[in-house]
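Here's the letter readout for the chains.
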Amino acid sequence: MKFALALFGAVTMALASCGPMPGPSRGPAVSESLQTATATIDAVDKEERIIRLHGDETGQRFTVYANDGIKNLDQLTAGDIVVVEYYEATTLSMATPNSPDASIAVATAEAAPGELPGGIAVESETVVVELLDYDRDEGIATYLTPDGLQRRSAVPPRLQTFAQEANRGDMIEVTMTQAVAVSVEEVES
């Protein structure tokens, strides 16, 4: 649970670091999702740093190599539950005159020594693009990136109203945030 709170806090900090979101004529549009998966540890080979698990929803078995970056491996035992939370969000807003062309914010954290292994990583990238066209029927936006490349992207349903209201030549600030949190819950015996 504390990693879920850390995930929310890290995402909030990453989004806040992207600068003011509301545009001059309308507020931002956001599309976001949070997915959670759990697995149970079947075996831990601490010498080889190999963890064998099975998915709690699917029963699928898989093996994970815990590289040297995974601290506190000695704390894991068979029966412990691994929780993975994945958050993804896209925010569109009208760019302001002081919006940077592009920026990236990254934050990471890991469990303290002696605690069960876990960690969080958040990346938030912001770019200002010039809208060239929006195809309402297909939900496809054509835009120009800061480096002059013309791109086409599908617009998620929750962002299509924003895209429909935008005009050719509008400068749109696009922020994409991804976060993953991994925690281990010890099972009481």
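Below, the structure is looked at part by part. Quantities reported herein were computed from a predicted structural model and do not represent experimental measurements.

Right, let's get into the layout of surface pockets. In this model, the largest pocket occupies a volume close to 620 Å³. Forming the boundary of the largest pocket are 30 residues, of which Val64, Ile70, Val82, Val84 and Val182 lie nearest the centre. Among the secondary structure elements, those contributing two or more residues to the lining of the largest pocket are β1 (29-45), β2 (50-55), β3 (61-65), β4 (81-94), β5 (102-110), β6 (119-135) and β9 (171-185). Residue contributions to the lining of the largest pocket peak at four residues, all from β1.

Tracing the chain through its elements places Thr126 in strand β6. Take Thr126: its relative accessible area is 1%, and that puts it in the buried class. A polar atom in the side chain of Thr126 sits 3.0 Å from the side chain of Thr175.

Take the environment of Asn98 next. Here Asn98 is to be found in the loop between β4 and β5. For Asn98, a relative accessible area of 62% gives the class exposed. A polar side-chain atom of Asn98 sits 2.6 Å from a polar atom in the side chain of Thr96.

For the rest of this paragraph, the subject is a negative patch on the surface. Taken together, the side chains of Asp133, Asp135, Asp137 and Glu138 define an acidic patch exposed on the protein surface. For Asp137, a relative accessible area of 75% translates into the label exposed.

Scanning all chains against the criterion turns up two salt bridges. Here Arg61 makes a salt bridge to Asp42, at a shortest N to O gap of 2.7 Å. With Arg61 in strand β3 and Asp42 in strand β1, this residue pair connects regions lying 19 residues apart in the sequence. For Arg49, the salt bridge is made with Asp68, and the minimal N-O distance between the two is 3.8 Å. Taken together, the positions of Arg49 in the loop between β1 and β2 and Asp68 in the loop between β3 and β4 put the pair 19 residues apart, joining distant regions of the chain. Residue classification places Arg49 among the buried positions, given a relative accessible area of 17%. Under the relative-accessibility criterion, Asp68 is labelled exposed at 61%.

With that settled, the discussion passes to the environment of Ile120. Tracing the backbone shows Ile120 in strand β6. A sequence separation of 34 residues divides Ile120 from Tyr86, and the C-alpha atoms of the two residues are 9.9 Å apart.

Turning to unusual backbone geometry, a few remarks are in order. Although it is not a glycine, Arg49 sits at a positive phi angle of roughly 65 degrees. One non-glycine residue, Asn72, adopts positive backbone phi at about 65 degrees. With respect to the helices and strands, the residue Asn72 is situated in the loop between β3 and β4.

The rules behind these values
Residues numbered from 1 in each chain as written. Predicted model: local features only at pLDDT ≥ 70, side-chain atom pairs only at ≥ 80, totals over all residues. Heavy atoms only, no water. 1 Å grid on protein atoms, 1.4 Å probe; cavity = no way out; pocket = protein on both sides within 12 Å on 5 of 7 lines; lining within 4 Å. Points joined across faces, edges and corners; volume = space filled by probe spheres on them. Helix = DSSP H or I, 4+ residues; strand = E, 2+ residues; numbered from the N terminus. Buried < 20%, exposed > 50% of the residue type's maximum accessible area, 1.4 Å probe, protein only. Polar contact = N/O pair within 3.5 Å; in protein donor to acceptor, adjacent residues only side chain to side chain. Patch = residues over 30% accessible without salt bridge, like charges linked within 9 Å, V, L, I, M, F, W, Y side chains within 5 Å. Areas by Shrake-Rupley, 256 points an atom, 1.4 Å probe, with all protein chains shown as cover. Salt bridge = Lys/Arg side-chain N within 4 Å of Asp/Glu carboxyl O. Lys, Arg positive; Asp, Glu negative; His and termini not counted. Charge placed at Lys NZ, Arg CZ, Asp CG, Glu CD.

Keep in mind these numbers describe shape, not what the thing actually does.
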